[in-house]
Every structure is written in structure tokens, then in C-alpha cells.
Amino acid sequence: MPRVQLAEVTKYFGDNLVLDQVDLSVAQHEVVCLIGASGSGKSTLLRCINRLVKADYGDIYLDDVPVTDESFGKVGLHKRIGIVFQSYNLFPHLTVLDNLTLAPRKVHGKSKKEAEAQAQEQLDRFGMGRFAKAYPEQLSGGQQQRVAFVRALMNKPDVLLLDEVTAALDPELVGEVLGIIKELKAQGMTMVIVTHEMGFARDVADRVCFLEGGRILEEGNPTDMFNEPQHERTRAFLDRIIEAGRL
Ligand code: ADP
Ligand code: MG
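Below: a short report on this structure. (Residues numbered from 1 in each chain as written. Chains lettered and ligands numbered in written order. Predicted model: local features only at pLDDT ≥ 70, side-chain atom pairs only at ≥ 80, totals over all residues. Heavy atoms only, no water.)

## Description of the sheet that holds strand 1 (residues 4–13)
Okay, step 1: Here four strands make up an open sheet; going across it, the order is 2-1-4-5 and the pairing antiparallel. Edge positions in the sheet fall to strand 2 (16–26) and strand 5 (65–66), since each has one partner strand and no second.
Okay, step 2: In this structure, strand 4 (residues 57–62) lies alongside strand 5, joined through two bridges in antiparallel fashion. For L62, the partnering residue across the bridge sits in strand 5 and is V65.
Okay, step 3: Relative to the sheet, helix 1 (residues 42–49) contacts strand 1, strand 2 and strand 4, its axis offset from that of strand 1 by approximately 120 degrees. (Pairing = 2+ DSSP bridges. Helix = DSSP H or I, 4+ residues; strand = E, 2+ residues; numbered from the N terminus. Contact = heavy atoms within 4.5 Å. Axes fitted to C-alpha atoms, helices over the stretch in contact; angles between N-to-C directions.)

Written out as C-alpha cells, the structure is:
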């Protein structure tokens, strides 16, 4: 049984067909990287999975249950599927601890004590324990992004969606965030990752999907995709990436 399954997922923004009957199946513990040019629909695809964006047509399943199923309730899906964005979106006026415990307390009904204990445990796990009382602006970009990962992991999700999580970071901070992702993979986290870091995709992905014009044009294991792309468009995209020195 796939952990996540998309069948003919289609999305328009106005007249703009952004996702065109996308089929995608992600197994438990699998790491799938979505690559493709800007505007190809990667973020939209990712956001359809946890319903931040509502698909117009097609079906999306989590463990064979449609994500639209009312058994998920208003917030249940977001407990099961975590997401981290390029911009960390931490509240500047709240401490790290308060940023982390806000949703568990206000949305998921956890007690302050329980939420804080859990936050502290997760912060420790990512080497951020000493920053619990710090404010976001006192942290580096890499540290803020680590907090955003902790926030996404607070509910112990089954699936993690990552949308260009290193794109806003200074080059020297990219490695520490990629390290977190590798560690999560080692722990068996199922992930769908949008990335421009092709070297990283080659490293971490079980499967790479190349999107163009809202379709998955080609998919395969990273070695095959990067060494011998079958589709001319994939080849052209990878050539541009190589030219830019990113592979
Ligand atoms: P990618 O992540 O691959 O760069 P996106 O999924 O962000 O691509 O965008 C795909 C297309 O959808 C683009 O043409 C973009 O302009 C459009 N789009 C994305 N989000 C919105 C939105 N909220 N409203 C209107 N158009 C959007
Ligand atoms: Mg995007």
C-alpha cells in the first residue's frame, strides 16, 4: 500500500493549467524528489498533498484514505503530513519554544506542559535545545530552518513535505539543513522534496520526478535520471543545471 497516492490530480489557477493529471505514488519510507524549472508546478503539487491547495480534479490518498475524508477532521491531515517551506515563517515576537508549542496547544489541544516537553525533546534532538528561549532574529538562517523542521515534526507526522528548504540559506548553512534531511531519511521518514540541489537529490532520493508544465515528464532512480535522462526536455533542464554549476 502506498503511503501517499495521487491519481490524475489536476489544478487550475484561473485559466492556467498548473497540474495536468498527475499520478504519483510514494511508498512508506520512500524519498521522492521533485525537480523542474520554476513554474513547472512543483510547489503546487506538494501543497495539494496536504490540501494547502485544493486540487480541482483527481484524488489524493494517505494510506488509502482520501485526504478529503472527514475522518481527518479540520486539522488531522496536518498532524499526519508536515511541511517545511523555503521561508521559515517563524513568528518574530515569539520565542522558539512558543513558536513550537503554539499549534499543538491552540489547534491540537495539548497542555502547555506536554507541548513544551515535546518541543524541548525535539529541539535537543536537533542540537537546538539551548535556543528554546531565544527569539528567531537571534538565530542564524540555518538555525531558524532547523526550528521550522522541529515545528513540522512536533506532531510526529507520517509524511514530510519539503519545499526548497535550503533556497534562502547562505551557502555555508545549506549543509546543516541537508544533514537534517539525511538523518530523517535514515530514521525512515517518508518525504516528498522539492529541491534545486541536484547533488543532494542524487544523494538522498530513492526516486526523482522531473516536472514540466504541470506533468511528470520523467521519473526514475537518480543515477539513471541524472546520467541518462530519457526525455529530451529532462536532458535540456539538467544541462542548464550543470551549466549553472549545480550538479
Ligand atoms: P514551481 O514551484 O515549480 O516554481 P508553482 O507550483 O509555484 O511552480 O507554480 C506553477 C504555476 O502556478 C505558475 O505559473 C504560478 O505562477 C502559478 N501559481 C502558483 N500559485 C498560484 C496562486 N496562488 N495563484 C495563481 N497562480 C499561481
Ligand atoms: Mg516552488
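That covers the picture; the talk isn't over yet.
## Topic: the environment of A117
Okay, step 1: With respect to the element layout, A117 can be found in helix 4 (residues 112–125).
Okay, step 2: When its relative accessible area of 48% is taken as the criterion, A117 is described as partly exposed.
Okay, step 3: Taking the C-alpha atoms as reference, A117 lies 9.4 Å from T101; in sequence the two are 16 residues apart. (Buried < 20%, exposed > 50% of the residue type's maximum accessible area, 1.4 Å probe, protein only.)

## Side note on the nonpolar core
Okay, step 1: Judged by nonpolar contacts, the single largest core of 50 residues is most densely connected at F149, L160, L162, I181, L184 and M191.
Okay, step 2: With residues near it in sequence (within four places) discarded, F149 still touches V84, L160, L162, V165, V177, I180, I181 and L184.
Okay, step 3: Formed by 29 residues, the second largest nonpolar core is a distinct cluster that contains V4, L19, I60 and F72. (Core = buried A, V, L, I, M, F, W, Y, C linked by side-chain atoms within 4.5 Å.)

## Digging into the sheet that holds strand 9 (residues 207–212)
Okay, step 1: Read from one edge of the open sheet, six strands run 6-7-8-3-9-10, paired in mixed fashion. Either end of the sheet is taken by a strand with one partner, and the two such strands are strand 6 (81–84) and strand 10 (215–220). Geometrically, the sheet is characterised by an average inter-axis angle of 20 degrees between neighbouring strands, direction not taken into account.
Okay, step 2: In this structure, strand 7 (residues 159–163) lies alongside strand 8 (residues 190–194), joined through five bridges in parallel fashion. Bridging from a neighbouring strand, L161 pairs with V192 of strand 8.
Okay, step 3: Contacting strand 3 (31–35), strand 6, strand 7, strand 8 and strand 9, helix 1 runs over the sheet at an angle of about 155 degrees to strand 7.
Okay, step 4: Along the sheet, helix 5 (residues 141–153) contacts strand 6 and strand 7; its crossing angle with strand 6, the most-contacted strand, is approximately 165 degrees.

## Points about the site of ligand 1
Okay, step 1: What surrounds ligand 1 is the set F13, N16, V18, A37, S38, G39, S40, G41, K42, S43 and T44.
Okay, step 2: Between N16 and ligand 1, the recorded distance is 3.3 Å, taken from a side-chain N or O atom to an oxygen atom.
Okay, step 3: G41 places a polar main-chain atom, nitrogen or oxygen, 3.1 Å from an oxygen atom of ligand 1.
Okay, step 4: Summarising the interface, the protein chains cover 57% of the accessible area of ligand 1, which totals 560 Å² for the free molecule.
Okay, step 5: Contributions of two or more residues to the shell around ligand 1 are made by strand 2 and helix 1.
Okay, step 6: Looking at the shell around ligand 1 residue by residue, the classes come out as three nonpolar, seven polar and one charged. (Near = heavy atom within 4 Å. Polar contact = N/O pair within 3.5 Å; in protein donor to acceptor, adjacent residues only side chain to side chain. Areas by Shrake-Rupley, 256 points an atom, 1.4 Å probe, with all protein chains shown as cover. Nonpolar A, V, L, I, M, F, W, Y, C, P; charged D, E, K, R; others polar.)

Read these as geometric descriptors, not functional statements.
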